[in-house]
Amino acid sequence: MIPDVDNDSLVYLNGGLVRLGDAKVSVLDRGFIFGDGVYDVVPAYGGKPFRMDAHLARLERSLAAIGIECDLQREDWERIVRDLIQGSGLGDCVVYIQVTRGVARRDHGFPEGLEPTVFCMVSPFKRPDATLREQGLSAIGVPDERWMRCNIKSISLLGNVLARQAAIEAGVDDVIQFRNGCLTEGSAANIWVVKNGVLLAPPRGKLILEGIRYGLMEELAAECGIPFEARPITEDEVSAASELLLTSATKEVLPITRYNGQPVGDGAPGPVYTRLRAAYDAVIAAL
């Protein structure tokens, strides 16, 4: 039994629904042995999936990037996600999807003829509360020591785990990572910088995971009349930012109000965040 987990909840495993407490995967699964797999997380509000097409498109890109061929088509993924949400009885929730290369004798190369292991589960989702929205998060800067294919949403997350642990040990909410002197992302989130009223983001590419909120923030910035620019952002620019923002599926969009022990701007959520937060909430309400 796993504490603080509903072992009676239903999960999807390799073609069918089973009780979480009864779900079993071979110890020779390459996901367990090598971290050889990918995942994605689809949030839902009031039982309605949010930006599901974009999440499933990213899952498909990740599968293609590491050469996993899965027979499930887009409509199959959509059905699995909706069935899990409906069956859970939850309103606000997240559906976790994981696909590994499958079960084989331990050998680094790709074995032929494997059947991928497909696992999906749904969990409650508690949206960021008023305190987080109004007081913001704290963060420290750290070197980005992960691999060079961060654009793949891989289950090999040791680098991210170590980054989050660094934040915990420093007594802050998250880290802001840098590679070769330029901003990449947080431990599991995209980071945004506001400079002279312009919303800045690191460019898309292999050094960051393009969060689904990356495109959404671009859209919301355009709607709000906030200039947006994707370009390399230096450590000095992050330190001098008038606002810092963090986005992810579960954090939505939140302000970072303390960085390296110093207030960001005046130490309170800024006007760009406030406008984007309101626009973000409006998109969710429109569901």
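Structure: see above.
This text gives an overview of the structure that appears in the document. The model shown is predicted, which means the values in this text are computed figures rather than measured ones. (Residues numbered from 1 in each chain as written. Predicted model: local features only at pLDDT ≥ 70, side-chain atom pairs only at ≥ 80, totals over all residues. Heavy atoms only, no water.)

A few words on the pairing of strand 2 (residues 16-19). Sheet topology places strand 1 (residues 10-13) next to strand 2; 4 bridges connect them, and they run antiparallel. The residue bridging Val11 from the neighbouring strand is Val18, located in strand 2. The loop that links strand 1 with its antiparallel partner strand 2 comprises 2 residues; one of these, Asn14, has a positive phi angle of about 50°. (Pairing = 2+ DSSP bridges. Helix = DSSP H or I, 4+ residues; strand = E, 2+ residues; numbered from the N terminus.)

Moving on, we come to a nonpolar patch on the surface. Together, Val27, Leu28, Phe32 and Val103 line one region of the surface with nonpolar side chains, adding up to about 390 Å² of accessible area. Counting through the fold element by element, Val27 comes out in the loop between strand 2 and helix 1 (30-34). Since its relative accessible area comes to 58%, Val27 is described here as exposed. (Patch = residues over 30% accessible without salt bridge, like charges linked within 9 Å, V, L, I, M, F, W, Y side chains within 5 Å. Areas by Shrake-Rupley, 256 points an atom, 1.4 Å probe, with all protein chains shown as cover. Salt bridge = Lys/Arg side-chain N within 4 Å of Asp/Glu carboxyl O. Buried < 20%, exposed > 50% of the residue type's maximum accessible area, 1.4 Å probe, protein only.)

Our next topic: the packing of helix 2 (residues 52-65) against helix 3 (residues 74-88). Between helix 2 and helix 3, whose axes approach to 11 Å, the crossing angle comes to 125°. In terms of orientation, helix 2 and helix 3 fall into the oblique class. The handedness of the crossing between helix 2 and helix 3 comes out as right-handed. Note on element contacts: helix 3 touches helix 2 through Arg74, Trp77, Glu78, Val81 and Arg82, opposite Met52, Asp53, Leu56, Ala57, Leu59 and Glu60. Class assignment for the residues of the contact of helix 2 with helix 3 results in 6 nonpolar, no polar and 5 charged. (Axes fitted to C-alpha atoms, helices over the stretch in contact; angles between N-to-C directions. Parallel < 35°, antiparallel > 145°, perpendicular 65-115°, else oblique. Left-handed = near helix turned anticlockwise from the far one by under 90°. Contact = heavy atoms within 4.5 Å. Nonpolar A, V, L, I, M, F, W, Y, C, P; charged D, E, K, R; others polar.)

In this section: the sheet that holds strand 2. Within the open sheet, the 6 strands sit side by side as 2-1-6-5-3-4. Their pairing is antiparallel. Since the sheet does not close on itself, it has two edges, and those belong to strand 2 and strand 4 (48-49), each with one partner. In terms of strand pairing, strand 3 (residues 37-45) meets strand 4 through 2 bridges, oriented antiparallel. Looking at strand 4, one finds that Ala44 is bridged to Pro49.

Before going further, it helps to spend a moment on empty space enclosed by the protein. Regions of empty space are outlined by a rolling probe, equal in size to a water molecule, passed over the atoms. Tallied over the entire structure, the rule returns 1 cavity of 30 Å³ or more. Reported here for the largest cavity is a volume of approximately 40 Å³. Lining the largest cavity we find Ser242, Glu243, Leu244, Leu245, Pro255, Ile256, Thr257, Val264, Ala268, Pro269 and Gly270. Mapped by element, the contributors of at least two residues to the lining of the largest cavity are strand 13 (243-248) and strand 14 (252-259). Split into classes, the residues belonging to the lining of the largest cavity amount to 7 nonpolar, 3 polar and 1 charged. (1 Å grid on protein atoms, 1.4 Å probe; cavity = no way out; pocket = protein on both sides within 12 Å on 5 of 7 lines; lining within 4 Å. Points joined across faces, edges and corners; volume = space filled by probe spheres on them.)

For helix 2, which comprises 14 residues, the first-to-last C-alpha distance of 20 Å matches the rise-based estimate of 20 Å (1.5 Å per residue) to within 8%. If you check which residues of helix 2 are buried, you get Met52, His55, Leu56, Arg58, Leu59, Ser62 and Leu63. Buried residues of helix 2 fall within an arc of 155° about the axis and therefore sit on the same side. Contacts from the buried residues of helix 2 go to strand 3, strand 4, helix 3, strand 5 (93-100) and helix 6 (212-224). Positive phi appears at Gly67, one or two residues downstream of helix 2, with a value of about 75°. (Expected span 1.5 Å × (residues − 1). Arc of directions from axis to C-beta.)

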